[in-house]
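# Residue-level structural notes
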Amino acid sequence: MALTFSDLHTEEGVKSLEEHLAGKTYISGDQLSVDDVKVYAAVSEKPSDAFPNVSRWYDCVASHLAKSFLGKAVGVSIGGSATPVPAQAEAPTAAAADEDDDDMDLFGDETEEEKKAAEEREAAKKDTKKPKESGKSSVLMEVKPWDDETDMKKLEECVRAVEMPGLLWGASKLVPVGYGIKKLTIMLTIVDDLVSPDNLIEDYLTCEPNNEYIQSVDIVAFNKI
């Protein structure tokens, strides 16, 4: 049975999540799943110590997601509140930063989660042995800007402006990458027979005029519903 959480930006909503996580490590099952990512995206900031179960779970999900971010985070302010991200190493000198800027890939190599998502999409395309009823899939995308001067509000507006039958945009979250750059993580639900994630990226999100704000889009999770 599907779980429902409401108003996770309020204390009452976080309280309901706290009760659900009593004795649990993850939202559903004994491993991190897209359910955890969905709920994580809906929680605006790390809960206080008044909610120990949610706080522990929040740190656990953040730790898993952080493994795909190779850039050094320095802390940003989102929605009027500052959430410092602890530094893991000393900042490079200005001279060293200038030397490395041209060759630096802030978004890193493809992660294991991204590889798995790509493999699942390919397997779904090849499975044509018998006709099936139209199903749905839940997808988590990372939308990356060109630089730290990109208007992230405009970037998200461009993403959500894409409309087509079988496509439903969900919760989103800005995630610090490093050097003042943030990327947009956003959930979407698709009807498999109507929407191809790859075509959505190539023909809509990264083409004109959206490519004025969007550098690239990666699929980091792909799950059948």
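Definitions and cut-offs
Residues numbered from 1 in each chain as written. Predicted model: local features only at pLDDT ≥ 70, side-chain atom pairs only at ≥ 80, totals over all residues. Heavy atoms only, no water. Helix = DSSP H or I, 4+ residues; strand = E, 2+ residues; numbered from the N terminus. Buried < 20%, exposed > 50% of the residue type's maximum accessible area, 1.4 Å probe, protein only. pLDDT = per-residue confidence, 0-100. Contact = heavy atoms within 4.5 Å. Polar contact = N/O pair within 3.5 Å; in protein donor to acceptor, adjacent residues only side chain to side chain. Salt bridge = Lys/Arg side-chain N within 4 Å of Asp/Glu carboxyl O. Pairing = 2+ DSSP bridges. Axes fitted to C-alpha atoms, helices over the stretch in contact; angles between N-to-C directions.

### Details of unusual backbone geometry
Looking along the chain, the bond that leaves Glu208 and enters Pro209 is cis, with omega of 0 degrees. Assignment of secondary structure puts Pro209 in the loop between α7 (197-205) and β6 (214-224). One non-glycine residue, Asp7, lies in the positive phi region at around 55 degrees. With respect to the secondary-structure elements, Asp7 resides in the segment before α1 (11-20). One non-glycine residue, Tyr179, adopts positive backbone phi at about 55 degrees. In this structure, Tyr179 sits in the loop between β4 (167-178) and β5 (181-191). Take Tyr179: its relative accessible area is 38%, and that puts it in the partly exposed class.

### Some details on the confidence of the model for the protein chain
Model confidence for the protein chain is summarised by a mean pLDDT of 81, while 77% of its residues fall at 70 or above. Across residues 80-91 the pLDDT falls below 50, and counting only partners more than four positions away or on other chains, this stretch makes 14 contacts in the model.

### Focus: the environment of Ser137
Mapped onto the elements, Ser137 comes out in strand β3 (residues 136-145). Sequence-wise, Ser137 and Phe222 are 85 residues apart; in three dimensions their C-alpha atoms are separated by 6.9 Å. When residues no more than four places from it in sequence are discounted, the contact partners of Ser137 are Leu188, Thr189, Ile190, Asp192, Phe222, Asn223, Lys224 and Ile225. A distance of 2.7 Å separates a polar atom in the side chain of Ser137 from a polar atom in the side chain of Asp192.

### Here's the deal with the pattern of salt bridges
Under the definition given, this model contains 6 salt bridges. The shortest N-O distance in the salt bridge between Asp198 and Arg121 comes to 3.4 Å. Taken together, the positions of Asp198 in helix α7 and Arg121 in helix α5 (residues 112-126) put the pair 77 residues apart, joining distant regions of the chain. An identical accessibility class is assigned to Asp198 and Arg121; each is buried. Put simply, Glu156 and Arg160 hold a salt bridge, and the shortest N to O gap is 3.0 Å. One end of the pair, Glu156, and the other, Arg160, are both in helix α6 (residues 152-160), 4 residues apart, so they sit about a helical turn from each other.

### Some details on the side chain of Asn210
Relative to the helices and strands, Asn210 is located in the loop between α7 and β6. Its relative accessible area of 10% is what places Asn210 among the buried residues. With sequence-adjacent residues up to four places away left out, Asn210 is seen in contact with Cys158, Val162, Tyr204 and Leu205.

### A closer look at the side chain of His20
Take His20: it is sitting in helix α1. His20 has contacts with Leu3, Phe5 and Ile27, leaving out every residue within four places of it along the chain.

### Some details on the sheet that holds β4
Think of a sheet as strands paired side by side through backbone hydrogen bonds, with each pair either parallel or antiparallel. One open sheet accounts for 4 strands, arranged β4-β5-β3-β6; its pairing is antiparallel. On the outer flanks of this sheet lie β4 and β6, each paired with one strand and no other. With direction set aside, neighbouring strand axes in the sheet form an average angle of 20 degrees. When β3 meets β5, the two strands line up antiparallel, connected through 8 bridges. When the bridges of β5 are listed, Met141 appears paired with Ile186. The strands touched by α5 are β3 and β6; relative to β6, the strand with the most contacts, the crossing angle is about 65 degrees. Where α6 meets the sheet, it contacts β3, β4, β5 and β6, and its direction lies at approximately 15 degrees from that of β5.

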